[in-house]
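Below are the chains, spelled out letter by letter.
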Amino acid sequence: MDLLFGTDPLPDGSPLPNTGSLLSISPRLADDHLDAWLDLLPPETIERMERIDKSPELADGTSFLPPREDVLNALRLTDPDAVRVIILGQDPYHEPGQAMGLAFSVRAGTTYPPSLRNILKELRADLGHEARGGDLTPWARQGVLLLNTVLTVPCGKANGHARLGWLDVTSAILDCALTRTSRLGHHVVLLCWGKQALAYAQGSPAATLPSTHIVASTHPSPLSARRGTRDLPAFMGSRPFSTTNAILADHGEEPVDWCTV
C-alpha cells in the first residue's frame, strides 16, 4: 500500500482535503489492518467501494464527513482476526469536527455528541469509570469493531448518503467479521443499540451462528436512552459493557478493557 504524506494542515489547522482513493490512502498507522480486510471481503464488495469512492457525492473530498482519510478507520484500526465485539452505529456525525470513522467516537478534545455522552454515562454507571475523552480508538485496537452502517454523510445532512451503496458494503463487512470469528473458533458479541441496528444485525445470515451473541437495547440517543420498549430494554441501565465481558468470559474469550478511554 502506498503511503501518502501530503496532509500538512492548512493555516487554520484543518487538514488539506485528501482526494486520493479510499482504498489507497494510509492514515500513517503502524498497525493498519485495511489490507487484511480487503483480502477477506468478496470482490464485488471491493468493486462497490470503488464505485462509491468515484461517485459525485465523494468527488471533491470536502463536502462529506468524515474526512476521506478517516472513512475506513473502523477497518484500519481493528484486526479482522481479533474481532470480539461489534458495535453498530448508523451514519457518521454530520457536523464538522466530530466524525472520525469509528461509530459513536470523536477526536480527543471534541464536545461529546448526545449519544456518546449517554454511552459514557452508562460506562460510568456500569463499571465505575469516568472516561477521559470521547475517542474510542483504544476499544477499536482491542478488537471492538465500531462499524457505522453508512460510512459517509454530507456535511450538515444526516442520512444524506443512506442510498449511496454503503449498506451493501457494511453488510458484507459484518458478515465477514462474524464468519471469520466463527472459523477461527472464537465468539463475538454484537451490541445492537436501537431497533434499526438490531434489524440490520438480524439481517445477516451469520447472526445465527452459535459463535454470535446479540445484546440489544434502545439507542443511546436522548430520545430513547431511558425509554424501554416491548422488545428492547432502555439503554441506560442495560449495563452493556459488563454484560459483554461476562459473555466473552463464559466462552473463554479475553474481556475488553472498556476503561481505556
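Quantities reported herein were computed from a predicted structural model and do not represent experimental measurements. (Residues numbered from 1 in each chain as written. Predicted model: local features only at pLDDT ≥ 70, side-chain atom pairs only at ≥ 80, totals over all residues. Heavy atoms only, no water.)

## Regarding the side chain of Thr212
Here Thr212 shows up in strand S6 (residues 212–217). Judged by its relative accessible area of 9%, Thr212 is buried. Within the structure, Thr212 has its side chain in polar contact with the backbone oxygen of Ala206 (distance 3.3 Å). Filtering out sequence-adjacent residues up to four positions away, Thr212 remains in contact with Leu178, Val188, Leu190, Ala206 and Ala207. (Helix = DSSP H or I, 4+ residues; strand = E, 2+ residues; numbered from the N terminus. Buried < 20%, exposed > 50% of the residue type's maximum accessible area, 1.4 Å probe, protein only. Polar contact = N/O pair within 3.5 Å; in protein donor to acceptor, adjacent residues only side chain to side chain. Contact = heavy atoms within 4.5 Å.)

## Some remarks on helix H7 (residues 195–202)
By the burial criterion, the buried members of H7 are Ala197, Leu198, Tyr200 and Ala201. Take H7 and look down its axis: the buried residues cluster within an arc of 160°, on one side only. Exposed residues on H7 whose side chains face more than 90 degrees from its buried face are Lys195 and Gln202. On its buried face, H7 sits against strand S2 (85–89), helix H6 (166–183), strand S5 (188–193) and S6. (Arc of directions from axis to C-beta.)

## Brief notes about the environment of Asp91
Looking at the element boundaries, Asp91 is found in the loop between S2 and helix H4 (114–127). Judged by relative accessible area, Asp91 falls into the buried class, the value being 17%. For the pair Asp91 and Gly101, spaced ten residues apart in sequence, the C-alpha separation works out to 9.7 Å. Contacts of Asp91, omitting those with residues within four sequence positions, involve Asn148, Val150, Thr152, Val153, Ala158, Asn159 and Gly160.

## Comments concerning the pairing of strand S3 (residues 144–148)
The element S3 is extensively covered by neighbouring structure, given that five of its five residues are classed as buried. Residues Val144, Leu146 and Asn148 line one face of S3 and the alternating positions Leu145 and Leu147 line the opposite face, and both faces are buried. As paired strands, S2 and S3 are joined by five bridges and run parallel to one another. The residue bridging Leu88 from the neighbouring strand is Leu147, located in S3. (Pairing = 2+ DSSP bridges.)

## Focus: unusual backbone geometry
For the peptide bond that leads from Leu65 to Pro66, omega is -5°, which places it in the cis range. Inspection of the secondary structure puts Pro66 in the loop between strand S1 (64–65) and helix H3 (73–77). You will see that Phe104, though not glycine, has its phi angle at about 75°, which is positive. Of note, Phe104 is situated in the loop between S2 and H4. Take Phe104: its relative accessible area is 9%, and that puts it in the buried class. Positioned with a positive phi, Arg239 is a non-glycine residue whose angle comes to about 50°. You can call Arg239 partly exposed: its relative accessible area is 43%.

## Remarks on the layout of surface pockets
Its boundaries defined by the atoms lining it, the second largest pocket holds a volume of some 410 Å³. Lining the second largest pocket we find 23 residues, and of these Asp91, Pro92, Tyr93, His94 and Ser115 sit closest to its centre. (1 Å grid on protein atoms, 1.4 Å probe; cavity = no way out; pocket = protein on both sides within 12 Å on 5 of 7 lines; lining within 4 Å. Points joined across faces, edges and corners; volume = space filled by probe spheres on them.)

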